[in-house]
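Here are the chains, one letter per residue:
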Amino acid sequence: MSSIIEERTKRTRWFLHDRFGMFIHWGLYAIPARGEWVRSVEKIPVEQYQTYFEEFNPTNYDPRAWAKIAKQAGMKYAVLTAKHHDGFCLFDSKLTDYKSTNTKSGCDLVREFLDAFREEGLKVGLYYSLIDWLHEDYPAYGDRIHPMREDDRYRRDESRFSNYLEYMHGQVRELLTGYGKLDIMWFDFSYGEMKGEKWRAAELMSMIRGLQPHIIVDNRFEASGEEGGSIFSKNPTPYSGDFASPEQIIPPGGVMDEDGNSIPWEACITLNNNWGYSSSDRVYKSAKTVIRKLVECVSKNGNLLLNVGPNAKGEIPQESVRILEEVGAWLDRNGDSIYGCGQADLPKPEWGRYTQQGSRLFAHLFEECVGPVNLQGLAGKVKKARLVSDGSELFLSRPWNTAQYPNDAFFNFAKPEHATYLLPDER
Ligand code: FHN
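Note that this is a predicted model, so its numbers are computed, not measured.

1. Here's the deal with the pattern of salt bridges
Okay, step 1: Tallying each qualifying case throughout the model produces 23 salt bridges.
Okay, step 2: A salt bridge links Arg34 to Glu42, with the nearest nitrogen and oxygen atoms 2.7 Å apart.
Okay, step 3: The exposure class of Arg34 is partly exposed, given its relative accessible area of 40%.
Okay, step 4: Asp92 is the salt-bridge partner of Lys94, the closest N and O atoms lying 3.0 Å from each other.
Okay, step 5: We classify Lys94 as exposed; its relative accessible area is 62%.
Okay, step 6: The structure contains a network of salt bridges with shared partners spanning Arg11, Arg209 and Asp242.

Structure below.
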């Protein structure tokens, strides 16, 4: 095993145990409230977008409340956008004036986020956009990335890109030296020829590893949400990252390297259809759907990073809070089948999914199963059945069906030698 993979395995141990995190996309784009790409999609001129900077004043920003919401939801870590593509910094960078401490809020939003989430016992990470639509030395790449460059002065002027890289590396250094111990750096994203050494990624990763050796980094120095880079290789690059980051999907077979070995991965998924706040997007996933996705990720050795997009006042939308409360209530009762669990030794059953922790096998019955589910096939493998949520006995000899357990019935099995609990969720 390469030393890079050995180091990655050590660094990601806590990550693979915790399984469930909160992604937070927040910034000036919360004011137009049409998603975080609004500036690019709507080709908003710099001057108009500047009005959002002048207006930004999230009077209800309460990161301690955010941290309590995440903790109650059963989330074990959280990642906040320190800078998204629009270049606005939620931290007091010395390298730019385009930062939250220069807005009416006057607040280092990142610092307050980190303090509050650490206080609640969650691990903390920062998202940092490699792309920067504002910086004058970031090359324009057609309308998709740089619609507001009215003149072509900067189009493909690569010679100035090195100035941008100095800025970008400098800000990463600021985050890694000025904000205490960070657990995750979540970079976003590479595309076309803009990947790897175009970002001077080896130098950047070497700095990151030197400053905070324990920190885990995603794979997007080489990848985007669709493609994966060298993290799948048995000889990954020094900047391949510690985990793959499939976006809005859960890979059918989990995420493997070229030899078929499972590698750390985290599916990042929105609660509605937008990362940044959208006042019109009311299409939220149900708590049941979120739980299913979490179970599916864990059943494939993956994590779920579930996104919330706070509004311009600094509030997590009530729809999101309600869903997270319901997910948290399920995890209160069934967390044993998620935290510290991963892919089971058994193939996926037709009635749901398995997760496993060491020699303890957990199974989750999903209500799309039609009719009684005969679990006797497991009889040889499972001596006794108990419900985790209330400790009551279940009998494998009797067909089970979801009529007994309305909505999502989640059965957690334990193998005979360790069979101490079994449980359907009593929801
Ligand atoms: O363009 C970004 C997008 O705004 C969002 O931050 C997602 C989250 O993973 N990443 C990029 C799209 O892949």
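2. Brief notes about the packing of helix 10 (residues 287–299) against helix 11 (residues 318–334)
Okay, step 1: Put simply, helix 10 and helix 11 touch, their axes get as near as 9 Å, and they point 50° apart. Overall, the two elements helix 10 and helix 11 adopt an arrangement that is oblique. Crossing angle aside, the handedness with which helix 10 passes helix 11 is right-handed. For the pair helix 10 and helix 11, contact is made by Ala287, Val290, Ile291, Leu294 and Val295 and by Ile323, Glu326, Val327, Trp330 and Leu331, respectively.
Okay, step 2: Classifying every residue of the contact of helix 10 with helix 11 by side-chain character gives 9 nonpolar, no polar and 1 charged.

3. Topic: the side chain of Asp137
Okay, step 1: Here Asp137 lies in the loop between strand 3 (123–129) and helix 7 (142–145).
Okay, step 2: There is a polar contact of 3.4 Å between the side chain of Asp137 and the side chain of Asn163.
Okay, step 3: Ignoring any residue separated from it by four or fewer positions in sequence, one finds Asp137 in contact with Arg160, Phe161, Asn163 and Tyr164.

4. Digging into the sheet that holds strand 1 (residues 20–24)
Okay, step 1: Spatially, 5-4-3-2-1-7-6 is the arrangement adopted by the 7 strands of the open sheet, whose pairing is parallel. Each of the sheet's edge strands pairs with one partner strand only, and the pair in question is strand 5 (216–217) and strand 6 (265–270).
Okay, step 2: In this sheet, strand 7 (residues 302–308) lies alongside strand 1 in parallel orientation, the contact comprising 5 bridges. Bridge pairing in strand 7 links Phe23 to Asn307.

5. As for the pairing of strand 2 (residues 77–83)
Okay, step 1: A large share of strand 2 lies buried, amounting to 7 of its 7 residues.
Okay, step 2: Of the pairings in the sheet, the one linking strand 1 to strand 2 comprises 4 bridges and is parallel in character. If you follow Gly21 over to strand 2, its bridge partner there is Tyr77.
Okay, step 3: Pairing between strand 2 and strand 3: 6 bridges, direction parallel. Bridge pairing in strand 3 places Val79 opposite Gly125.
Okay, step 4: Remark: the strand 2/helix 6 (residues 109–119)/strand 3 crossover connection has right-handed handedness.

Definitions and cut-offs
Residues numbered from 1 in each chain as written. Predicted model: local features only at pLDDT ≥ 70, side-chain atom pairs only at ≥ 80, totals over all residues. Heavy atoms only, no water. Salt bridge = Lys/Arg side-chain N within 4 Å of Asp/Glu carboxyl O. Buried < 20%, exposed > 50% of the residue type's maximum accessible area, 1.4 Å probe, protein only. Axes fitted to C-alpha atoms, helices over the stretch in contact; angles between N-to-C directions. Helix = DSSP H or I, 4+ residues; strand = E, 2+ residues; numbered from the N terminus. Parallel < 35°, antiparallel > 145°, perpendicular 65-115°, else oblique. Left-handed = near helix turned anticlockwise from the far one by under 90°. Contact = heavy atoms within 4.5 Å. Nonpolar A, V, L, I, M, F, W, Y, C, P; charged D, E, K, R; others polar. Polar contact = N/O pair within 3.5 Å; in protein donor to acceptor, adjacent residues only side chain to side chain. Pairing = 2+ DSSP bridges. Right-handed = clockwise from strand over helix to strand, strands pointing away.

So yeah, pure geometry; function would need other evidence.
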